[in-house]
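Notes for the structure review
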Amino acid sequence: MSNLLWKSLVVSPAVLGATLLVSSTAIAAPSTNTEVRTTVVPTTEVATTETKLSEVAQEPVIVAQAAPTSEDTKVINQVNLYSNEGRANNSQSQVTSVSQFSDVQPTDWAFQALQSLVERYGCIAGYPNGTYRGNRALTRYEFAAGLNACLDRVNELIATATADLVTKEDLATLQRLQEEFSAELATLRGRVDALEARTAELEANQFSTTTKLAGEAIFAVTDVFGDNIGDANNTVFQNRVRLSLNTSFTGRDLLTTRLASGNANRFVDNTGTPTTGGEGLQTFQVGSTAGNNVEIDRLTYEAPVGPAQVYLAAAGGRHSHYAAVNNPYFFDKTDGGNGALSSFSSESPIYRIGGGAGIAVNLPFGRGGGILRPSSLTVGYLGSEPNNPGTGSGIFNGNYAALGQLNFSVGDRIALAATYVHGYTGAGSQLFANEDNLALVGTPQANTLNDPASSNSYGLSAAFRPSDKLSVSGFVSYTDVTASGANNDKEVWSYGVGVALPDFGKQGNVLGIFAGAQPYSLGRLNPGTNEVPYQVEGFYKYRVSDNISITPGVIWLTNVNQNGNNDDAIIGTLRTTFTF
């Protein structure tokens, strides 16, 4: 709102009273259905935050979510919107006769007052479709905007020596009204002036009009217990920090540039060698740079193209970025600071096959008659060596994984997904690994591929919410590995089920229990010792505030590394997550 408005309040009180006499229901105001689009950046809680192209199975999907707007900023935007009403280059915006309004009739109680304002002062604007919409309730800010338009018109009349159009009777009435509402007008003037100053300060010092910074810091105290493995490890205090630059150019797209640093290391086995997944890698240890070095661990872009959602990854791409994993409250969009403690409980291992750079598309189809809701098809391709031009590398000749998934929703509380992943890995690679070839889940017998191999993986996942206070989810996956060389083929199984109690004890808290079998390959050890490696995890995320949570938890593993002779391992962790 320009300062001219407030100066005109003193100089030209006549129109104030005339407008007040019309009553609030006779002032034109934009439709409540009108959408004002601004360039906004999606959140990470949003992402953290980090948006996904298809969370069909577990939570409502918001492809691009507007960043929270303060109440003061909303007021400024509203005042500016209404102040500019009638100034657009629109043939039906400014009217010269009340008869131009299709929804104003001579029988309306405010017809005479409206006709006077239109024909005597010419300061009432309509909508492009020729309507006035006078039945809407009027806010003080809408009144101020309409008043500003009328004051501009009065100033024009004064400048052209036609101020005699304002009668003495009008001035006397308006003078009394101005005195009666002087306190409200002064408060309104001071508030808007203060908001203008604050907005100008923000605009002058903001980092970017299209980018929002979101951060997360994790402190974790953890130790593992067990006769052999416990003696080989000590209690450690580890950290991981991520800073995400979330950029939106259209309000519906999202460019994610994430910097990561950390010193988290996985536990060692009873020989002092870092494990390849047998002890249950924890989510905050995934993507750690080990020495608190800083690196870009994610560079992705998501945008709608027609009815489809497209995902592009230049670095750090994951299948679970774009595919629905159907594991609410345990999976936190690859964040690692708010869901389950272990990478096994977080998501099905089938989404851990491959990573790096590539493209994915999520395409909805079907109308979803009855209880069956609209479905979607997800396809994606990620290559682990996209930047290496050498022989046997590159986007298509190096390690890769191609995913296809059908997503179904049954009613509002059941989601299903059928997943297929075809992958190729070179000699010395790990099956369930990222582009750095670090095993993320599963036993060494399931992960290690000594020779080049291709794999075909099949998975089912489901999520069921019988109530807002209970969520049940689970998965099963099977991988058939065909490797070069004799007797190198193998079959890998994994399955698990979890129960989560959201808002347990307090809004924002989560109590979760997840149990299942880590990816394993039977027949890789001597008979009598080869056993299924089971894992049970329990955690309780306590929400201290909007930005701080504390998660104590226990992970219990049996038959570590598929060896029935190994002692059970128990991991205790206290994770504290700060978001900003």
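Residues numbered from 1 in each chain as written. Predicted model: local features only at pLDDT ≥ 70, side-chain atom pairs only at ≥ 80, totals over all residues. Heavy atoms only, no water.

In this section: the overall build of the protein chain. Helix and strand content of the protein chain: 12 helices and 18 strands. Out of the 580 residues in the protein chain, the part that is buried amounts to 48%. Per element, the accessible surface of the protein chain, about 26300 Å² overall, is 57% carbon and sulfur. (Helix = DSSP H or I, 4+ residues; strand = E, 2+ residues; numbered from the N terminus. Buried < 20%, exposed > 50% of the residue type's maximum accessible area, 1.4 Å probe, protein only. Areas by Shrake-Rupley, 256 points an atom, 1.4 Å probe, with all protein chains shown as cover.)

Turning to helix 7 (residues 182-205), a few remarks are in order. The end-to-end C-alpha distance of helix 7, which contains 24 residues, comes to 35 Å, matching closely the 34 Å that a straight helix rising 1.5 Å per residue would cover. Within the sequence span of helix 7, burial applies to Leu-185, Leu-188, Val-192 and Leu-195. (Expected span 1.5 Å × (residues − 1).)

Attention now goes to the pattern of salt bridges. Within the structure shown, the criterion is met by 10 salt bridges. Of the charged contacts, one joins Arg-413 and Asp-468 as a salt bridge, the two residues approaching to 3.5 Å between their closest N and O atoms. With Arg-413 in the loop between strand 8 (400-410) and strand 9 (414-425) and Asp-468 in the loop between strand 12 (453-467) and strand 13 (470-483), this pair connects stretches of sequence that are 55 residues apart. A relative accessible area of 36% means that Arg-413 is categorised as partly exposed. Each of Arg-242, Arg-258 and Asp-297 takes part in salt bridges that share partners, so that together they form one network. (Salt bridge = Lys/Arg side-chain N within 4 Å of Asp/Glu carboxyl O.)

Quick look at the packing of aromatic side chains now. Under the definition given, this model contains 15 aromatic pairs. Taken together, a centroid distance of 5.8 Å and an interplanar angle of 25° make the contact between Phe-475 and Phe-514 stacked. In this pair, Phe-475 is assigned in strand 13 and Phe-514 in strand 15 (residues 510-520), connecting sequence segments 39 residues apart. Classification of Phe-475 by relative accessible area gives buried; the value is 7%. Taking 4.8 Å as the distance between ring centres and 45° as the angle between the ring planes, the aromatic pair formed by Tyr-478 and Trp-493 counts as tilted. One end of the pair, Tyr-478, is in strand 13; the other, Trp-493, is in strand 14 (residues 490-502), and 15 residues separate them in sequence. Joined through ring pairs, the aromatic side chains of Phe-330, Phe-344, Phe-475, Phe-514 and Phe-539 make up one cluster. (Phe/Tyr/Trp six-rings, centres within 6.5 Å; stacked < 30°, edge-to-face > 60°.)

The next subject is the environment of Lys-506. Mapped onto the elements, Lys-506 comes out in the loop between strand 14 and strand 15. As a C-alpha pair, Lys-506 and Val-544 span 38 residues in sequence and 9.8 Å in three-dimensional space. When neighbours within four sequence positions are excluded, Lys-506 is seen to be in contact with Tyr-542, Arg-543 and Val-544. (Contact = heavy atoms within 4.5 Å.)

Right, let's get into the environment of Val-560. Considering the arrangement of structural elements, one finds Val-560 in the loop between strand 17 (548-557) and strand 18 (569-579). Put simply, Val-560 and Thr-443 are 117 residues apart on the chain and 7.9 Å apart in space, counted from C-alpha to C-alpha.

Turning our attention to unusual backbone geometry. For Asn-292, which is not a glycine, the phi torsion comes out positive at approximately 60°. Along the chain, Asn-292 falls in the loop between strand 3 (254-262) and strand 4 (295-305).

What follows covers the side chain of Thr-419. Looking at the element boundaries, Thr-419 is found in strand 9. On the basis of relative accessibility, which here comes to 6%, the residue Thr-419 falls in the buried class. Polar contacts involving the side chain of Thr-419 include one to the side chain of Gln-405, which spans 2.6 Å. What Thr-419 contacts, discounting residues up to four positions off in sequence, is Ile-350, Tyr-351, Leu-403, Gly-404, Gln-405, Ser-457, Tyr-458 and Gly-459. (Polar contact = N/O pair within 3.5 Å; in protein donor to acceptor, adjacent residues only side chain to side chain.)

To continue, consider the pairing of strand 2 (residues 236-247). One ladder, built from 12 bridges, connects strand 1 (residues 211-225) with strand 2; its direction is antiparallel. Considered in strand 2, the bridge of Gly-215 is made with Leu-243. When strand 2 meets strand 3, the two strands line up antiparallel, connected through 8 bridges. Each bridged residue has a counterpart across the sheet, and for Leu-245 the counterpart in strand 3 is Thr-257. As consecutive antiparallel partners, strand 2 and strand 3 are separated by 6 residues, and within that stretch Gly-251 has a phi angle of approximately 90°, a positive value. (Pairing = 2+ DSSP bridges.)

In strand 17, alternate side chains face the same way, and those of Ser-549, Thr-551, Gly-553, Ile-555 and Leu-557 are buried while those of Ile-548, Ile-550, Pro-552, Val-554 and Trp-556 on the opposite face are not. The hairpin formed by strand 16 (residues 534-543) and strand 17 contains 4 residues between the paired strands. Bridge analysis of strand 17 against strand 18 gives 10 bridges, and the strand direction is antiparallel. By the bridge assignment, Ser-549 is partnered in strand 18 with Thr-577.

Here we take up the confidence of the model for the protein chain. Considering every residue of the protein chain, the mean pLDDT works out to 77; 73% of them sit at 70 or more. Every residue in residues 1-70 is under pLDDT 50, and counting partners more than four places away or in other chains gives 201 contacts. Counting contacts from residues 78-92, a segment whose pLDDT is below 50, to residues more than four positions away or on other chains yields 33 contacts. (pLDDT = per-residue confidence, 0-100.)

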